[in-house]
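Architecture at a glance
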Amino acid sequence: MKQDSDLRNNLKSIRTRLGMSQQDLANIANVTRQTISGVESGQYAPSVAITLRLAKALGCQVEDLFWLERDLLEIEAVLAKPVPNGQQLRVSMARVGGKWIAYPLIGKDAFRQDMIPADGEGETCTGTNKIRVRLLDDNLDTLHNTVVIAGCAPVISLWARATERWHPQLRVQYNFANSMAALHSLCKGEAHIAGMHLYDPETSEYNTPFVRDVLAGREAVLITLGVWEEGLLLKSGNPMGIRTVTDLVAGGATIVNREIGSGSRMLLEQTLQKEQIPFDAVQGFDNILKTHQDVAQAVVEGVADAGMSTGSVATAFGLGFIPLNQSRYDLVILKEYLEEASVQQLLNTLGHRMVHSQFEILGGYDISKIGEVVATV
C-alpha cells in the first residue's frame, strides 16, 4: 500500500537507538526487511496488523511511531506587548474575553519561573538524608510516570512541555544543573537523564570521556539532542566592537562567567588558553552566574559587557552574538533506565515534528542528528 502523503513515521530513529538493524526488527515483527525499508523511506503505509507488530517489537505505542502531518491553523491575535515591526516571534497563546492574545516569548518572558506545585510535604531529620513525605494527593501514577532530567539547555524545557502535551500521562521534571553537576546527579541516582556539552581537547571528543570517568564502569548511552552555537553575548549593536576574546582584554570589557563544571566556562577557558591570555587579564572572570538566562540578563542590564552563552539565548534576549564554537549537547542515560516505559516514551518523542518545530523556531540549534545514539560506555 502506497504511503499516505500526510503519514509520517519515527521508525528509523527508534530502531537505531535500540541498536536494531532493519533485519533485526523484521525478524521480531515477522515481516520482511523490505517492509521495514519501505515504511522508513515513506514508500509504504503498513496495515493495522503490521503497525501493531512494529510497536510491540519496539516496546512503544503506535502513536510513538506514526502520526498525520496536517496543515496548521492560522489565527489572528492581539499582541500583549509592543514589539518591533517585522520581527519573527515565538509566542504563547490564550483566549481572553473572546479574543486570542499572543504573549511574545522574548527575554525573561521566554523562561518560566513559576512556583512548582508540591507533590507532598515532610520534615527533615537530623543526621540523615532521608525524609518521610506525606503525599498531598493519591495520584501515584503521576509520580511513577515522572522522568527527571538534569541539565542546563533551555530547550530541555521546550522538549518536556511538548512531550507532556502529546502524552498527558507523562510528567517531566527538569532540574537545572551544569554539565558536570548533571552527570554527578545521574551517577548518584537523582536523575534518569543528564544533559551535557563538554569538550575534551586531549581526545577531541564531546562528553564521552567525562561520562566514562564519572560513571566509572556503569553502562550508559549518549543520545544527541542537538548541536548548538556557543560564544559571546554582547550588547545589541556591539558598541565596543568586540570580535574575539582578545578584544575583551584590549577594550577593557567586563564579563560575567559561569561556574566550574559548566560547558560555557570550559569553552571560555580553552579559548583564552589557545590565545595565551591569562584568566586574570579578563575583567570579571571571577564574577559567577548560574544560568544562561542570568548571563544574558546581566548583559541586557549593563552589569557586564559580555558573557558566554548560546546563539539561541542571544536571540531570545535581543543581544549581539559572536560564535566561538559549535558544541554537541548529549543526553546521557544509564542503560538500566532505558527499559522504563516513561523514559522510552520521552525519548521516542525526539523524532516527532512537534519537538522539531519548537527547536527550529528557537534557532541556534542543528537538530539533523537529534535522537541518534553517538556512544555507549
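Since the model is a prediction, treat every value here as computed from it, not as a measurement. (Residues numbered from 1 in each chain as written. Predicted model: local features only at pLDDT ≥ 70, side-chain atom pairs only at ≥ 80, totals over all residues. Heavy atoms only, no water.)

**Section: the overall build of the protein chain**
Quick reminder of the rule: By definition, any uninterrupted DSSP run of H or I lasting at least four residues is a helix, any uninterrupted run of E lasting at least two residues is a strand, and each is numbered from the N terminus. Here the globule rule is a power law, 2.2 Å times the number of residues to the power 0.38, and the radius of gyration is based on C-alpha atoms. Classification of residues uses two cut-offs on accessible area relative to the type maximum, computed with a 1.4 Å probe and protein chains only: under 20% is buried, over 50% is exposed, and between them is partly exposed. Contacts between residues were defined by any pair of non-hydrogen atoms, one from each residue, lying within 4.5 Å. Exposure was quantified through the Shrake-Rupley algorithm and a 1.4 Å probe, taking into account, for residues, occlusion by the shown protein chains and nothing else. Asp and Glu count as negative and Lys and Arg as positive, but His and the ends of the chain are not part of the count. The atom standing in for a charge is NZ when the residue is Lys, CZ when it is Arg, CG when it is Asp and CD when it is Glu.
Along the backbone of the protein chain there are 16 helices and 19 strands. Its C-alpha atoms give the protein chain a radius of gyration of 23 Å, near enough to 21 Å, the size a compact globule of 377 residues would have. Projected onto its principal axes, the C-alpha positions of the protein chain cover 70 × 55 × 50 Å. Each of the 377 residues in the protein chain was classed as buried or not, and the buried ones make up 46%. Partitioning the intrachain contacts of the protein chain with sequence separation of at least 6 by distance along the chain shows that 69% fall at a separation of at least 24. Approximately 19,800 Å² of the protein chain is accessible, and the part contributed by carbon and sulfur atoms is 49%. Each charge class in the protein chain can be summarised by its mean position, and for the 34 positive and 43 negative side chains these summaries are 4 Å apart.

**Considerations on the state of the cysteines**
To keep it simple, the criterion reads: By definition, disulfides here are pairs of cysteine sulfur atoms that lie within 2.5 Å.
Evaluated as defined, the whole model comprises zero disulfides. In this model cysteine 187 remains outside any disulfide bridge; the closest cysteine sulfur is found in cysteine 152, 19 Å from its own. With a relative accessible area of 25%, cysteine 187 lands in the partly exposed category.

**Observations concerning the side chain of asparagine 348**
By secondary structure assignment, the location of asparagine 348 is in helix α15 (residues 341–348). Overall, asparagine 348 belongs to the buried group, its relative accessible area being 1%.

**Description of the environment of leucine 319**
Inspection of the secondary structure assignment puts leucine 319 in the loop between α13 (311–317) and β17 (320–334). With a relative accessible area of 13%, leucine 319 lands in the buried category. Sequence spacing of leucine 319 and valine 299 is 20 residues, and the spatial spacing of their C-alpha atoms is 8.2 Å. When sequence neighbours within four positions are dropped, the list of residues in contact with leucine 319 reads Leu233, Leu234, Lys235, Ser236, Ala296, Val299, Val300 and Ala314.

**Side note on the environment of leucine 54**
Mapped onto the fold, leucine 54 is located in helix α4 (residues 48–58). In this structure leucine 54 comes out as buried when scored by relative accessible area, which is 0%. Distance from leucine 54 to valine 133, taken between C-alpha atoms, is 41 Å for residues 79 residues apart in sequence. Once you skip the residues sitting within four places of it in the chain, leucine 54 turns out to touch Leu11, Leu25, Ala29, Ile36, Leu65 and Phe66.

**Examining the pairing of strand β16 (residues 306–310)**
Stated precisely, the cut-off is as follows: The rule for pairing is simple: two strands pair if DSSP sees at least two bridges between them.
Extensive coverage of β16 is indicated by the burial of five of its five residues. Residues of β16 alternate between two faces, with Ala306, Met308 and Thr310 on one and Gly307 and Ser309 on the opposite face, all of them buried. Of the pairings in the sheet, the one linking strand β14 (residues 255–258) to β16 comprises two bridges and is parallel in character. Across the sheet, residue isoleucine 255 finds its bridge partner in β16, namely alanine 306.

**Overview of the packing of helix α2 (residues 22–29) against helix α3 (residues 33–41)**
Note the threshold: Axes here mean lines fitted to C-alpha atoms, for a helix over just the part in contact, with angles spanning 0 to 180 degrees between N-to-C directions. What sets the label is the angle itself: under 35 degrees gives roughly parallel, over 145 gives roughly antiparallel, 65 to 115 gives roughly perpendicular, and the rest give oblique. Note on convention: near helix rotated counterclockwise from far helix by under a right angle means a left-handed crossing. Clockwise means right-handed. Under the scheme applied, nonpolar residues are Ala, Val, Leu, Ile, Met, Phe, Trp, Tyr, Cys and Pro; charged residues are Asp, Glu, Lys and Arg; polar residues are all the others, including Gly.
Two numbers describe how α2 lies on α3: the axes approach to 8 Å, and their chain directions differ by 115°. Here α2 lies roughly perpendicular to α3, going by the angle between them. For the crossing formed where α2 meets α3, the hand is right-handed. Residues Gln22, Gln23, Leu25 and Ala26 of α2 pack against Arg33, Ile36, Ser37 and Glu40 of α3. For the contact of α2 with α3, a count of residues per class yields three nonpolar, three polar and two charged.

**Looking at α15**
With seven of eight residues buried, α15 is to be regarded as a mostly interior element. Among the residues of α15, those classed as buried are Ser342, Val343, Gln344, Gln345, Leu346, Leu347 and Asn348.

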